[in-house]
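# Coordinate analysis (summary)
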Amino acid sequence: MVEQKQVARSKRIQRRTGKTFHVATRLLPQRIRHPTYVLYGFFRIADEVVDAADTAPPAEQRAELDRLRATALGEEPTDDPVLEAFAEVCERNDIPDADVHSFVDAMASDIDTDRYETYADLEAYMDGSAAAVGRMMTAIMDLDPEAEAEALPHATKLGEAFQMTNFLRDVREDVVERDRIYLPLETLRRHGVSEQQILDLEFDEHVAAAVREEMARTERLYEEGVAGIKYLPEDCQLAVLLAAVLYVDHHRLIRNRGYDTVSATPELSFARKISLLVRTRWKWQWNRDPEAVFYDMCTDFDPGHDRHGHGPHGTGVPQTD
């Protein structure tokens with residue numbers, strides 16, 4: 001049984017490092033919220049191992065990830081409350097070992113991979129860093145087999161959408177703090193942008209076009225991901241819907257900056273998050289169709305893209321205050 005102190009430490013990690021996701025997590029029922037804190041705590045512990053490039057050599061980082069992997073799979077004991085709780089959550093919810101391996105392997109790839117030639121290469125990385133996370137979240141919701149089969153492909157896409165939003169938002173931060181470029185190099189070249197230009201943090205209309213292209217791709221992922229929320233337990237749907245609304249609202253900020261995430265990193269204010277929470281929750285009281293509510297929160301549409309009757313046209317971002 002996961003103990004309260006394990007949940008509390010995991011919750012502190014999420015509150016400190018995942019403020020946007022933390023707002024949505026608080027709407028989950030306790031039976032799902034507590035395991036979610038534990039999952040996120042483990043994800044952040046692993047992520048911080050590979051972000052410690054200035055303090056630990058690659059061999060030590062890999063050794064630490066191998067230790068985390070063995071602990072997560074229940075193969076080695078640990079006195080870390082988050083790692084212990086994660087192993088318990090995996091066992092109790094039948095989280096596949098393959099998803100744990102995929103996630104840790106993705107973290108390990110960050111040790112020596114800092115560029116992605118194609119979107120397919122990036123997608124392969126996100127299968128572990130994001131899609132596996134979506135699959136684990138689905139597992140702890142304990143769906144019946146039929147609903148799980150319906151939900152899993154959408155959970156994969158929504159996980160990728162969240163990850164891509166982070167990549168689009170954090171272009172500057174990834175270069176400055178980690179010397180990484182997550183925008184596919186082929187996309188940059190297609191718009192006449194060199195790798196060195198991104199490393200030099202030089203923004204122009206060509207960089208804007210590359211970011212805009214990847215944002216359009218990401219919004220298609222949101223469309224696919226949100227379509228699966230209806231298969232989740234009813235008391236979990238609002239929280240996942242709100243997470244999608246909060247994450248995609250970063251696209252509004254990026255658009256307002258002319259797609260410039262090279263000179264600064266746009267961030268949602270606390271007031272904005274609360275505003276989106278209140279309005280999403282209010283709309284949810286009157287309409288329990290997750291897609292309809294998601295698109296009702298969106299007004300910046302791409303004309304000509306049909307949204308299956310849930311709105312006028314296109315994929316958009318939540319309306320401004």
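Values in this document were obtained by computation on a predicted structure and should not be read as measured data.

### Some details on the pattern of salt bridges
Where charged atoms of side chains with opposite charge meet at close range, the side chains can pair. Summed over all chains, the structure comprises 25 salt bridges. The closest approach of N and O atoms between Arg257 and Asp260, which form a salt bridge, is 3.5 Å. Looking at Arg257, the relative accessible area reads 33%, which means it is partly exposed. Linked by salt bridges that have partners in common, Asp114, Arg115, Asp179 and Glu195 make up one network.

### A closer look at the packing of helix H7 (residues 119–140) against helix H8 (residues 145–169)
The N-to-C vectors of H7 and H8 enclose an angle of 125°; their axes lie 7 Å apart at closest approach. Classed by the angle they form, the pair H7 and H8 counts as oblique. Considering only the axes of H7 and H8, their crossing is right-handed. Here Tyr119, Leu122, Glu123, Tyr125, Met126, Ser129, Ala130, Ala131, Gly134, Arg135 and Thr138 of H7 lie close against H8, whose contacting residues are Glu148, Ala151, Leu152, Ala155, Thr156, Lys157, Gly159, Glu160, Gln163, Met164 and Phe167. Classifying every residue of the contact of H7 with H8 gives 11 nonpolar, 6 polar and 5 charged.

### What to know about helix H9 (residues 171–178)
Of all the residues in H9, the buried ones are Val171, Asp174 and Val175. Around the axis of H9, the buried residues are gathered within 95° of arc, so they sit on the same side. Seen from the buried face of H9, the exposed residues on the opposite side, beyond 90 degrees, are Val176 and Glu177. Residues of H9 that are buried sit in contact with H8 and helix H11 (195–199). After H9 finishes, the residue Asp179 shows a positive phi value of roughly 55°.

### Some words on the packing of aromatic side chains
Within the structure shown, the criterion is met by 13 aromatic pairs. Ring plane angle 70° and centroid distance 6.5 Å describe the contact between Phe43 and Phe86, whose orientation is recorded as edge-to-face. Remark: Phe86 occurs in helix H5 (residues 81–92) and Phe43 occurs in helix H3 (residues 30–50); sequence separation between them is 43 residues. Each member of the pair, Phe43 as well as Phe86, is classed as buried. Taken together, a centroid distance of 5.9 Å and an interplanar angle of 20° make the contact between Tyr116 and Tyr182 stacked. On the criterion of sequence distance, the pair formed by Tyr116 in the loop between helix H6 (97–112) and H7 and Tyr182 in the loop between H9 and helix H10 (185–190) is long-range, its members being 66 residues apart. As far as burial versus exposure is concerned, Tyr116 and Tyr182 are alike and both buried. Site record: aromatic cluster; members linked through ring pairs are Phe42, Phe43, Phe86 and Phe103.

### A few points about the nonpolar core
Counting residues in hydrophobic clusters, the biggest one holds 75 residues, and the most contacted among them are Phe86 and Phe294. The dominant element in this core, judged by the number of residues it contributes, is helix H13 (residues 234–256), at 12 residues. Excluding residues that lie within four positions of it along the chain, Phe86 makes contacts with Val38, Leu39, Phe42, Phe43, Ala72, Val100 and Met136. Of all hydrophobic cores here, the second largest spans 17 residues; its members include Val175, Leu183, Leu185 and Ala208.

### Let's talk about the environment of Leu221
Along the chain, the position of Leu221 falls in helix H12 (residues 205–226). If near-sequence neighbours (up to four positions away) are discounted, Leu221 is found in contact with Tyr119, Lys157, Glu160, Ala161 and Met164.

### Observations regarding the confidence of the model for the protein
For residues with low pLDDT, the predicted coordinates do not support detailed interpretation. Overall, the predicted model of the protein reaches an average pLDDT of 86, with 85% of residues at or above 70. Confidence, expressed as mean pLDDT per element, reaches its minimum in the protein at helix H1 (residues 4–17) with 46 and its maximum at H10 with 98. Contacts for the low-pLDDT stretch residues 5–18, under 50 throughout, to residues beyond four places or in other chains number 36 contacts. Taken together, the stretch residues 303–321 has pLDDT below 50 and engages in 63 contacts with residues farther than four places along the chain or on a different chain.

### Notes on the environment of Thr118
With respect to the helices and strands, Thr118 occurs in the loop between H6 and H7. Through-space distance from the C-alpha of Thr118 to that of Thr187 is 7.6 Å; in sequence the pair is 69 residues apart. Beyond its immediate chain neighbours, meaning those up to four positions away, Thr118 contacts Pro184 and Glu186.

Criteria and thresholds
Residues numbered from 1 in each chain as written. Predicted model: local features only at pLDDT ≥ 70, side-chain atom pairs only at ≥ 80, totals over all residues. Heavy atoms only, no water. Salt bridge = Lys/Arg side-chain N within 4 Å of Asp/Glu carboxyl O. Buried < 20%, exposed > 50% of the residue type's maximum accessible area, 1.4 Å probe, protein only. Axes fitted to C-alpha atoms, helices over the stretch in contact; angles between N-to-C directions. Helix = DSSP H or I, 4+ residues; strand = E, 2+ residues; numbered from the N terminus. Parallel < 35°, antiparallel > 145°, perpendicular 65-115°, else oblique. Left-handed = near helix turned anticlockwise from the far one by under 90°. Contact = heavy atoms within 4.5 Å. Nonpolar A, V, L, I, M, F, W, Y, C, P; charged D, E, K, R; others polar. Arc of directions from axis to C-beta. Phe/Tyr/Trp six-rings, centres within 6.5 Å; stacked < 30°, edge-to-face > 60°. Core = buried A, V, L, I, M, F, W, Y, C linked by side-chain atoms within 4.5 Å. pLDDT = per-residue confidence, 0-100.

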